[in-house]
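In case you want the letters, here they are:
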Amino acid sequence: MTLFITIAVLGLLASLSPTTIVVFILLLGTARARANAAAFLIGWSASLTVVFVFSYAIGGTHHAKQRSGRIVVDVVEILLGLGLVAVAARHWRTRNEPRESSGVSKSLATRLDRMNPIAATMVGVLEQPWTITAAAAVVVARHQSALLIAALAFLVFTLVSTATVGLIYLYYARRPGQAEARLAALRDRLVQSGPVLLVAVSLAVGVYLIVDGALAILRS
């Protein structure tokens, strides 16, 4: 049960990426909104699956299950945590710098104007929070869970991490007229508070991974 709680928390933090939410809302404002948003979710899900399975496969190898291998996995977990803490520090230093009103770079904003489903799929791949996804897979691998448990953990992470953009898509699909104004307001708030939210998410996940990995090494 502890494993699933941990994976659910990591998935929740992954779903709160302000950049991803802003990009997804902007996709809903393109000419082919529904097709582009669906393509984004396909790219997101494909990227999530590849990163999770690849990271789990590395962490679940026979060598990784030996004592020395487990320590390597724990060290990888700590390094992922340190990477996220570094990301948090970088965004904290630049939180007051001027940002584009759209919340994305000018080049991306220009491409969004003429976005098609193929390009939207690639955006979904790139916007997937790979570090958190890899960290979730490493946590599952370190628990040396049965394949069924690992599959269930993957399903939990996928559902929770995709919940935010998925719910936004369903809301837009059911009530496009009402959703347009409310999502625009949400986008504006995220543009303003996004850097601080990103710092909080990155720091929370990073500190957890560092502590969890360090405790695992001490217990080994």
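See the structure above.
Report on the accompanying structure. Everything numeric in this text was worked out from a predicted model, so none of it was measured.

## So, the nonpolar core
In step 1: Among the nonpolar cores identified, the biggest contains 52 residues, and Ile7, Phe24 and Phe157 are the most heavily contacted of them.
In step 2: Of all elements in the fold, only α1 (2–15), α2 (18–27), α3 (33–59), α5 (67–93), α7 (117–127), α8 (130–142), α9 (147–174) and α10 (176–219) reach the threshold of two or more residues within this core.
In step 3: What Ile7 contacts, discounting residues up to four positions off in sequence, is Ala136, Val139, Val140, Ala153, Val156 and Phe157.

## A look at the environment of Val211
In step 1: Take Val211: it is sitting in helix α10.
In step 2: Under the relative-accessibility criterion, Val211 is labelled partly exposed at 43%.
In step 3: Each C-alpha atom, one on Val211 and one on Glu77, is 9.5 Å from the other, the two residues being 134 residues apart in sequence.

## Topic: α1
In step 1: With 14 residues, α1 extends 20 Å from end C-alpha to end C-alpha; this agrees with the ideal 20 Å at 1.5 Å per step.
In step 2: Among all positions in α1, only Leu3, Thr6, Ile7, Leu10, Gly11, Leu13, Ala14 and Ser15 are buried.

## Some remarks on a nonpolar patch on the surface
In step 1: Judged by side-chain polarity, Leu203, Val207, Val211, Leu215 and Leu218 come together as a nonpolar surface patch covering roughly 440 Å² of accessible area.
In step 2: Residue position: Leu215 is located in helix α10.

## Things to note about the packing of α2 against α9
In a pair of packed helices, the angle between the axes and the distance between the axes together describe the arrangement.
In step 1: Interaxial distance between α2 and α9 falls to 10 Å at its minimum, and their mutual angle equals 20°. Classed by the angle they form, the pair α2 and α9 counts as roughly parallel. Crossing of α2 against α9: the hand is right-handed. Residues Thr20, Ile21 and Phe24 of α2 touch α9, and the partners they reach there are Thr164, Val165, Ile168 and Tyr169.
In step 2: Here the residues of the contact of α2 with α9 are counted per class, giving five nonpolar, two polar and no charged.

## Observations regarding the packing of aromatic side chains
In step 1: Enumeration over the complete set of coordinates arrives at four aromatic pairs.
In step 2: With centroids separated by 5.2 Å and ring planes inclined at 55°, the aromatic side chains of Phe24 and Phe40 adopt a geometry described as tilted. Of this pair, Phe24 sits in helix α2 while Phe40 sits in helix α3, placing them 16 residues apart in sequence. Accessibility assignment for this pair places Phe24 and Phe40 in one class, buried.
In step 3: Taken together through their ring pairs, the aromatic side chains of Phe24, Phe40 and Trp44 make up a single cluster.

## Remarks on the pattern of salt bridges
In step 1: Scanning the entire structure with this criterion turns up one salt bridge.
In step 2: Salt-bridge contacts for Asp188 lead to Arg187; the nearest nitrogen and oxygen are separated by 3.2 Å.

## Concerning α7
Owing to its 3.6 residues per turn, the α-helix brings residues three or four apart onto one side.
In step 1: Of the positions making up α7, those classed as buried are Ala120, Val123, Gly124 and Glu127. Each buried residue of α7 lies within a common arc of 100° when the element is viewed along its axis, so the set occupies one face. Opposite the buried face of α7, at more than 90 degrees from it, the exposed residues are Ile118 and Leu126.
In step 2: You can read the cap of α7 off the contacts: a side-chain oxygen lies 3.0 Å from the backbone nitrogen of Ile118, and it is on Asn116.

About the criteria used
Residues numbered from 1 in each chain as written. Predicted model: local features only at pLDDT ≥ 70, side-chain atom pairs only at ≥ 80, totals over all residues. Heavy atoms only, no water. Core = buried A, V, L, I, M, F, W, Y, C linked by side-chain atoms within 4.5 Å. Buried < 20%, exposed > 50% of the residue type's maximum accessible area, 1.4 Å probe, protein only. Helix = DSSP H or I, 4+ residues; strand = E, 2+ residues; numbered from the N terminus. Contact = heavy atoms within 4.5 Å. Expected span 1.5 Å × (residues − 1). Patch = residues over 30% accessible without salt bridge, like charges linked within 9 Å, V, L, I, M, F, W, Y side chains within 5 Å. Areas by Shrake-Rupley, 256 points an atom, 1.4 Å probe, with all protein chains shown as cover. Salt bridge = Lys/Arg side-chain N within 4 Å of Asp/Glu carboxyl O. Axes fitted to C-alpha atoms, helices over the stretch in contact; angles between N-to-C directions. Parallel < 35°, antiparallel > 145°, perpendicular 65-115°, else oblique. Left-handed = near helix turned anticlockwise from the far one by under 90°. Nonpolar A, V, L, I, M, F, W, Y, C, P; charged D, E, K, R; others polar. Phe/Tyr/Trp six-rings, centres within 6.5 Å; stacked < 30°, edge-to-face > 60°. Arc of directions from axis to C-beta. Polar contact = N/O pair within 3.5 Å; in protein donor to acceptor, adjacent residues only side chain to side chain.

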